[in-house]
Amino acid sequence: MESHMETIHVFIMGTFSFGFNIIWRLIIWSLQLLFIYLSFRRLKMDNLLTWVTYTILFCAYYSSLGRVGLASSIQFYGLSCLIMLGKRKFLSFCNGLIWIAISLFFHKSVFITVLPALIALVPQKKYFILFYFLFIPLLVPVFQYYLADYLLNSSDVNGSVMRYVNEETEARGIGIQMFNYIFRVTLFGTYFTSLYEWLRGDYLPRFIKVMIVYTTFILMIYLIIYLSLTFIGIGSSDIATRVLIMATFPNVILYSYLFSEKKHTIILGLLGLLSIIAINYRIFYAYYLYNLGVGI
């Protein structure tokens, strides 16, 4: 059993998967699917287009990140409960906070998106979103300093953080780099298309504005981590991608809403085509590496 895994996953693997990794992943993916269904239904986005978008993104990008995906889906459901309060508003509010807290037990990295999720609920002036990005050049040196100090002096050199760093320093083929590039293009493309639509008018429903603000903070965290690690000479793709993966669920909502409203369908269609290409690319590249006896 890998020591870096959270206690809940050790329990699931030891109790229900009989030691088979594939069974554990099926359990994790099934739970993720359940919480995503509950989130879509809560946001009243439980339609065919949303599920097609989710399926494409799942197959193309984050099916291999089981623990992060499940934790993010639980947190996203908690956020959806806070956005769409039911008739019993207090109970819905408490329910949302409880699920956000529970998500922390499924992957330690999701703690960095708890505060963004709560801040996103506060009504925002749309032009403030552009102002937030100005903080990135100010925060990168600060994060860079403390991260470098942590990596040099922390006793956790054999722990989870250094494990990801060591994985990242291993040789990465052009195939993985291309795949990650497509992932970023589709995710950032959907986000900036949604942001542009908000800036040009104020007609968007509240839950879409919350999704945009929530995604904004996740992308800021991603850029800060990516740039900080890059500047101190540490490979950053693996660590930063685990943050970026948390933005996929709100992006599904943003993509589906804009497409259903027939907004920027050409751009969104091209982004969807890129994701479909990524699915096929991943399959063929995995088969190629399999023939070489190398894992993807």
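For the structure, check the block above.
Treat the numbers as computed from the prediction; the structure is a model and nothing was measured.

Reading guide: rules and limits
- Residues numbered from 1 in each chain as written.
- Predicted model: local features only at pLDDT ≥ 70, side-chain atom pairs only at ≥ 80, totals over all residues.
- Heavy atoms only, no water.
- Axes fitted to C-alpha atoms, helices over the stretch in contact; angles between N-to-C directions.
- Helix = DSSP H or I, 4+ residues; strand = E, 2+ residues; numbered from the N terminus.
- Parallel < 35°, antiparallel > 145°, perpendicular 65-115°, else oblique.
- Contact = heavy atoms within 4.5 Å.
- Nonpolar A, V, L, I, M, F, W, Y, C, P; charged D, E, K, R; others polar.
- Salt bridge = Lys/Arg side-chain N within 4 Å of Asp/Glu carboxyl O.
- Buried < 20%, exposed > 50% of the residue type's maximum accessible area, 1.4 Å probe, protein only.
- Core = buried A, V, L, I, M, F, W, Y, C linked by side-chain atoms within 4.5 Å.
- Arc of directions from axis to C-beta.

Asker: Quick one: what's the story with the packing of helix α4 (residues 66-83) against helix α13 (residues 248-260), residue by residue and with numbers?
Answerer: For the pair α4 and α13, the least separation of the axes is 9 Å and the interaxial angle reads 60°. One element, α4, and the other, α13, form an angle in the oblique class. Residues Gly69, Ser72, Ser73 and Phe76 of α4 lie in contact with α13, whose contacting residues are Phe249, Pro250 and Ile253. Tallied by class, residues from the contact of α4 with α13 come to 4 nonpolar, 3 polar and no charged.

Asker: Break down the pattern of salt bridges for me, citing the residues and quoting the values.
Answerer: Under the criterion given, the structure shown has 1 salt bridge. In this structure, Glu197 and Arg200 form a salt bridge, with 3.3 Å as the shortest nitrogen-oxygen distance. A relative accessible area of 1% places Glu197 in the buried class. Its relative accessible area of 52% is what places Arg200 among the exposed residues.

Asker: I'd love a proper account of the nonpolar core, names of residues and values included.
Answerer: Grouped burial of nonpolar side chains is what soluble globular proteins tend to show. Ranked by size, the top nonpolar core spans 73 residues in total, and within it Phe76, Ile83, Ile129, Ile208, Met211, Ile212 and Ile253 carry the most contacts. Residue contributions to this core peak at 16 residues, all from helix α11 (residues 206-231). With sequence-adjacent residues up to four places away left out, Ile208 is seen in contact with Ile253, Leu254 and Tyr257.

Asker: Describe helix α1 (residues 7-15), with residues and values.
Answerer: Those residues of α1 that sit buried are His9, Ile12 and Met13. Considered in projection along α1, the buried side chains sweep an arc of 95° and stay on one side of the axis. Exposed and facing more than 90 degrees away from the buried side of α1 are Thr7 and Gly14.

Asker: A description of unusual backbone geometry should follow, citing residues and the corresponding values.
Answerer: Unusually for a residue other than glycine, Lys44 sits at a positive phi of about 60°. Tracing the sequence through the fold places Lys44 in the loop between α2 (21-42) and α3 (48-62). Assessed through its relative accessible area of 69%, Lys44 is described here as exposed. In this structure, His264 is a non-glycine residue whose phi angle is positive, near 55°. When you line up the elements, His264 lands in the loop between α13 and α14 (265-292).

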